[in-house]
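Here is what each chain is made of, one letter per residue.
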Amino acid sequence: MAPPPLLPVAASTPILHGEFGSYPAHGPRFALTLTTQALHIQRLRPKPEARPRDGLVPLDEVSGCGTLQSRSPEDTAAYFCIYTYPRGRRGGRRRATRTFRADGAATYVENRAEAQRWATALMCLLRGVPLSGDQEITPELLPRKPRLLLLVNPFGGRGLAWQRCMDHVVPMISEAGLSFNLIQTERQNHARELVQGLSLSEWEGIVTVSGDGLLYEVLNGLLDRPDWEDAVRMPIGVLPCGSGNALAGAVNHHGGFEQTVGVDLLLNCSLLLCRGGSHPLDLLSVTLASGSRCFSFLSVAWGFLSDVDIHSERFRALGSARFTLGAVLGLATLHTYRGRLSYLPATTEPALPIPGHGLPRAKSELALAPAPAPAATHSPLHRSVSDLPLPLPQPALASPGSPEPLPDLSLNGGGPELTGDWGGAGDAPLSPDPLLPSSPNAFKTAQLSPIAEGPSEMPASGLLPPIHNAPEASTWGPADHLLPPLGSPLPQDWVTIEGEFVLMLAILPSHLCADLMAAPHARFDDGVVHLCWVRSGISRAALLRILLAMEHGNHFSLGCPHLGYAAARAFRLEPLTPRGVLTVDGELVEYGPIQAQVHPSLATLLTGPAGQKPRA
């Protein structure tokens, strides 16, 4: 892949400009220009370059910046290092560092001040702090480091979640100077219990390192607290280490990155997390046949898609490929389901690539009396997060902002010194500037005490089998003012369609999984649920074309007469086939009538800055 073209500096006002050496000291010298979008690098000596190779470092590839000093007392220069994750020739991201030598002054104190000025300016731009070219740049401009609680499901991603977290997530957020505590979940619904007993004032965000299931637990735990109105304002984030990674795919799309999967998606989302920034997030309040209620950030599915999701569980060892294999098997044994879909149309529908389909008004409704909701039972936790148990072999981790000292760990195979990156023979190695509190090398391990009184539920192998149980009922949360009781007739302004369906999908964000864009026009806070359905009579070849086109969000432009769409504020689904599979956010729920309504902007999602267009 050819190096990206240099952006004209005139297109963005320069924030800083200066001349620097390199590390090792006998390397070339550079002229650096920092703008709001990128760091421009021009080689000056030994031979100036009119169009330097690697002469542009876009800020959306930068995770953080730090200052360093030489261990040689004779070296009066100071250094600042930029941690970047550019895409390689084959498309995947790789970690790289750029280290520059501030040596324009006679004393170390003056050179250190210049290095810190550049590092501060870079970090301000990464955190969204506006700067101007004539502004005095001091460390006081930097916002306070947010304290994040990271919850990792070690069984996610074919059991690779913990290793990927240690290899990629922890180094990057440490380079970004974020303060964090990292905790492994031990069992299903453990994350839900944790956030129900959490002291929320200690944290500025909760980030799950897993698939969509762990975030589902966190959201429902926050909304099942007596103080749910305050708890649901806690910003939540997701770093993808699961199979589907739907919300992470939507975050990646919102950030302007090209659609991707696997480690590359994880790195993209981690970069966005390091940049900071959040966005309102709509939630669905879902009432099940028993009368119990749960909250969804993703989707409700019935028919082909839910069948593939649940029946492909036996292929979980294949990772995301399980869905491909499940879809092939589902197409071979294609089923149809009779049901009734009713919805309250949105006041203003989002623009579609094709005109919307006209739908008949409801003529009749089912009269089903809901069963009484079961009493919810919880085991709230009364200790702070620093007292949580970690029975797994790997230690809990905490960032330099945590209260207890910790040993150093290496970053992506490199130690705290930069000699591994540059191999400068004869130059004294560099160490983090002791005056800066956020060195990317200072990882710490907290000494945590047990909280559970009973024996651990962890099997000897350290892995839990996948379990799909009906979600626990939420006893708190906002009232569903748009929904009558599940067995009651619907208001006249609702629309109903009835017949044989291959699938029905109600989705909030754009992505159904990391590489399936089911609602390409969806936004996190558009206030509607996007209903998609496929009627019976469609051929297997036509359904396959829809699924393949969904990879890039082009399925609505196929003009398939069996494919329907509507934007709604609320909906009710009544299966008329006695057997079937219903899922909420990929979790199996009880089969029967189900209804839901959108609660606009109820939650807050850590998304990073929005991108203008997809970037390679």
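Residues numbered from 1 in each chain as written. Predicted model: local features only at pLDDT ≥ 70, side-chain atom pairs only at ≥ 80, totals over all residues. Heavy atoms only, no water.

In the nomenclature of an unreviewed UniProt entry, the chain is known as sphingosine kinase of Rattus norvegicus. Per UniProt, the chain has the following entry under Subcellular location (unreviewed entry): "Endomembrane system". (UniProt positions renumbered as here; feature names shortened; annotations may be inferred.)

> Would you mind going over helix H1 (residues 108–126) with me for this structure?
Each α-helix turn comprises 3.6 residues. Residues three or four places apart therefore point the same way. For H1, which comprises 19 residues, the first-to-last C-alpha distance of 27 Å matches the rise-based estimate of 27 Å (1.5 Å per residue) to within 8%. Of the residues one or two after H1, Gly128 is the one with positive phi, at around 85°. (Helix = DSSP H or I, 4+ residues; strand = E, 2+ residues; numbered from the N terminus. Expected span 1.5 Å × (residues − 1).)

> What should I look at first to understand the packing of aromatic side chains in this one?
The geometry of an aromatic ring pair is captured by the separation of the ring centres together with the interplanar angle, meaning the angle of the planes. Tallied over the entire structure, the rule returns 9 aromatic pairs. Ring centres of Phe80 and Trp118 lie 5.9 Å apart, and the angle between their planes is 20°; on these two criteria the pair is classed as stacked. Of this pair, Phe80 sits in strand S6 (residues 78–84) while Trp118 is found in helix H1, placing the two residues 38 residues apart along the sequence. Both residues of the pair, Phe80 and Trp118, count as buried. Measuring from centroid to centroid gives 5.7 Å for Trp302 and Tyr337, while their planes differ by 55°, and the two rings are tilted. One end of the pair, Trp302, is in strand S14 (residues 299–303); the other, Tyr337, is in strand S15 (residues 337–345), with 35 residues separating them in the sequence. Clustering of aromatic rings is evident, with ring pairs tying together Phe20, Phe30, Phe80, Phe100 and Trp118. (Phe/Tyr/Trp six-rings, centres within 6.5 Å; stacked < 30°, edge-to-face > 60°. Buried < 20%, exposed > 50% of the residue type's maximum accessible area, 1.4 Å probe, protein only.)

> Sorry, what's going on with unusual backbone geometry here?
If a residue is not glycine, its phi is most likely negative; likewise, a peptide bond is most likely trans. Phi is positive for Asn189, close to 70°, though the residue is something other than glycine. On the secondary structure map, Asn189 appears in the loop between strand S9 (179–184) and helix H4 (190–196). Of note in this structure, Asp585 is not a glycine but carries a positive phi near 55°.

> Sorry, what's going on with the state of the cysteines here?
Here, disulfide denotes a covalent bond that connects the sulfur atoms of two cysteines. One pass over the full model with this rule turns up 0 disulfides. With no disulfide of its own, Cys65 lies 7.2 Å from the sulfur of Cys81, the closest cysteine sulfur. Considering cysteine sulfurs only, Cys165 is the nearest to Cys241, which forms no disulfide, with 6.7 Å between them. On the basis of relative accessible area, Cys241 is assigned to the buried category, the value being 1%. (Disulfide = S-S within 2.5 Å.)

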